[in-house]
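Spelled out, the chains give:
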Amino acid sequence: MAVLNDEQVMLRDMAREWATNESPVGAWRKVRDAGGASGFDPQAFSTMAEMGWTGIIIPEAQGGSDFGWLSLGLVVEELGKTMAASPIAACAAAASAILLGGSAAQKDAYLPRIASGELIATLAVDEGPRHDPGAIASRVADGRLSGTKAFVAEGDSAGLFVVAATDGLYLVEAGEGVTVDRRHLVDFRSHARVVFDGAPAEQLTGGGDGLLTAVTDRAAVLVAAEMLGMAGQAFDTTLAYLKQRVQFGQVLATFQALQHRMANLFSEIELMRSAVEAGLAAIDAGGDTRQAASLAKAKANEVGHLMSRELIQLHGGIGMTDEYDAGFYLKRMRVLEQMWGNTAFHRDRFARLSGF
C-alpha cells in the first residue's frame, strides 16, 4: 500500500465521505433510470469540480492543484466504490495529452476550462471493438481530420476530443465536422461512436513518438483505479452478506469453504492495489510507464473479473436481480476490462517489454 502524505489522506477521506453520503449507488440508479446520453449527473460533476477534483493533475498556472496522479487515483477509487459516474478520468487523460504534447497556447486555451469543469474533454483513439493503437486509419489533410472512432468514453457530452490519427494526436472541438452517435452498453454510461468528417484539427506537436503510448497508459491506470474501488466495495458487500445470510441453519460465513474463497479474494485485491498504486506512482515519477501501466491494468482486469463474478455467485439468486446493486458492479467491470486493453493485450505487452 502506498504511503500517503497528510494532504492525500485528507483528499481520500473527503472523496470517501462525499461519495458515501452524496453519491451512493442509489444516486447512480437514478441516473441510469433517467436514461440520459451523458451517463452522469451534471450537478454532481459540478460539485466535484468545485472541490477541485477536475484539476488535480493540472498545474496551478492553468487553474489546477498539480497534486499528482496518485492523488487523482485515490479520488477515482473512492468514486468507483459507489458507482459515482463522472467524466473525471476521461478529462484527466485528455488533459495529460495536452500537458505532454501541447503548446503553451494550447495549454492556456484548454487546461483552465478542464480544471474548472467547464469543458469536458476525452480521448478518441480506437477504431475497432478492441484497443489497438496500431490500427489507426484516421487522417489529417490541410488541417482537417477525417475518420471514425468506435467507442469514445464520455463522447456524448465532450466539447473537446483528443484524436489519434496516423501522424499523431490532434485536438478537435465538438461542432463542425463532428457527428456523435450514442452507443448503448451494459454499464449505461456514455460510449459514443464519433465520426470526424473534415473537422478542424490542431496537432499536439510535443511529446515525441511515444505521446500516444504515454497518454493511453495514463488512461489505463485510471481505469484500473476505478476497478480497484469497485472490487474493494464488492468484497465488503459480499463479506457483509455472508455474515448475515443463514442457510442450512448456519450463517454462511461459518462455512470453511466460503472463508477460503473470501481469503483468496482479499489477497488478490491487495495485490491489485499494489499494482495500481505502483502504476500511479510510476506516472508521478516520470520516465517510462509502459511496464507499470500494463501490470496495473492486467492485474485489475484479472482481479476485477474474478471479484465481480464471485459477488454474483456468493449472493445467489438475489445477485441476479435489478433491485440489488451487484449487477451494476458486474456490468461496469466488464466494460472497463476492455477499455485501454484487455488482459491478453497487457500480458502480451508486458512480456514483450520484459524481453520475452
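Up top is the structure these notes are about.
First things first, this report covers the structure right here in the doc. For clarity, every value in this text was computed on a predicted model and none was experimentally measured. (Residues numbered from 1 in each chain as written. Predicted model: local features only at pLDDT ≥ 70, side-chain atom pairs only at ≥ 80, totals over all residues. Heavy atoms only, no water.)

1. Some points on the packing of helix H4 (residues 69–81) against helix H7 (residues 211–244)
Which entries qualify depends on this criterion: For helices, the axis comes from a line fit to the C-alpha atoms of the stretch in contact; other axes are also lines fit to C-alpha atoms, and the angle between any two N-to-C directions lies between 0 and 180 degrees. The helix count covers DSSP runs of H or I at least four residues long, the strand count covers runs of E at least two residues long, and both are numbered beginning at the N terminus. Orientation is classified from the angle alone, with under 35 degrees giving roughly parallel, over 145 giving roughly antiparallel, 65 to 115 giving roughly perpendicular, and any other angle giving oblique. Crossings are assigned a handedness: left-handed for a near helix turned anticlockwise from the far helix by less than a right angle, right-handed for a clockwise turn. Contacts are residue-level and defined by heavy atoms, with any inter-residue pair within 4.5 Å sufficient. Amino acids outside the nonpolar list (Ala, Val, Leu, Ile, Met, Phe, Trp, Tyr, Cys, Pro) and the charged list (Asp, Glu, Lys, Arg) are all regarded as polar, and Gly is one of them.
The N-to-C vectors of H4 and H7 enclose an angle of 40°; their axes lie 7 Å apart at closest approach. With respect to their mutual orientation, H4 and H7 come out oblique. Two packed elements cross with a definite hand, and for H4 against H7 that hand is right-handed. For the pair H4 and H7, the contacting residues are Trp69, Leu72, Gly73, Val76, Glu77, Gly80 and Lys81 in the first and Arg218, Leu222, Ala225, Glu226, Leu228, Gly229, Met230 and Gln233 in the second. Tallied by class, residues from the contact of H4 with H7 come to seven nonpolar, four polar and four charged.

2. Considering the packing of aromatic side chains
Pairs of aromatic rings are described using the distance from one ring centre to the other and the angle between the two planes. Here is the rule we go by: Note on ring pairs: Phe, Tyr and Trp rings are taken, using the six-membered ring of Trp, and paired if centres are within 6.5 Å. Classes follow the plane angle, with under 30 degrees stacked, over 60 edge-to-face and the rest tilted. Relative accessible area decides the class of each residue, using a 1.4 Å probe on protein chains only: under 20% of the type maximum gives buried, over 50% gives exposed, and in between gives partly exposed. Should the NZ of a Lys or the CZ of an Arg lie within 6 Å of a ring centre and within 35 degrees of the ring normal, that charge is described as sitting over the ring.
Enumeration over the complete set of coordinates arrives at five aromatic pairs. Ring geometry for Phe40 and Phe45: centres 5.7 Å apart, planes at 70°, overall edge-to-face. The pair Phe40 / Phe45 is uniform in exposure class, with both members buried. Lying over the aromatic face of Phe188, Arg32 brings its terminal NZ or CZ to 5.5 Å of the ring centre. The residue whose ring lies beneath Arg183 is Phe151, and the NZ or CZ to ring-centre distance is 4.3 Å.

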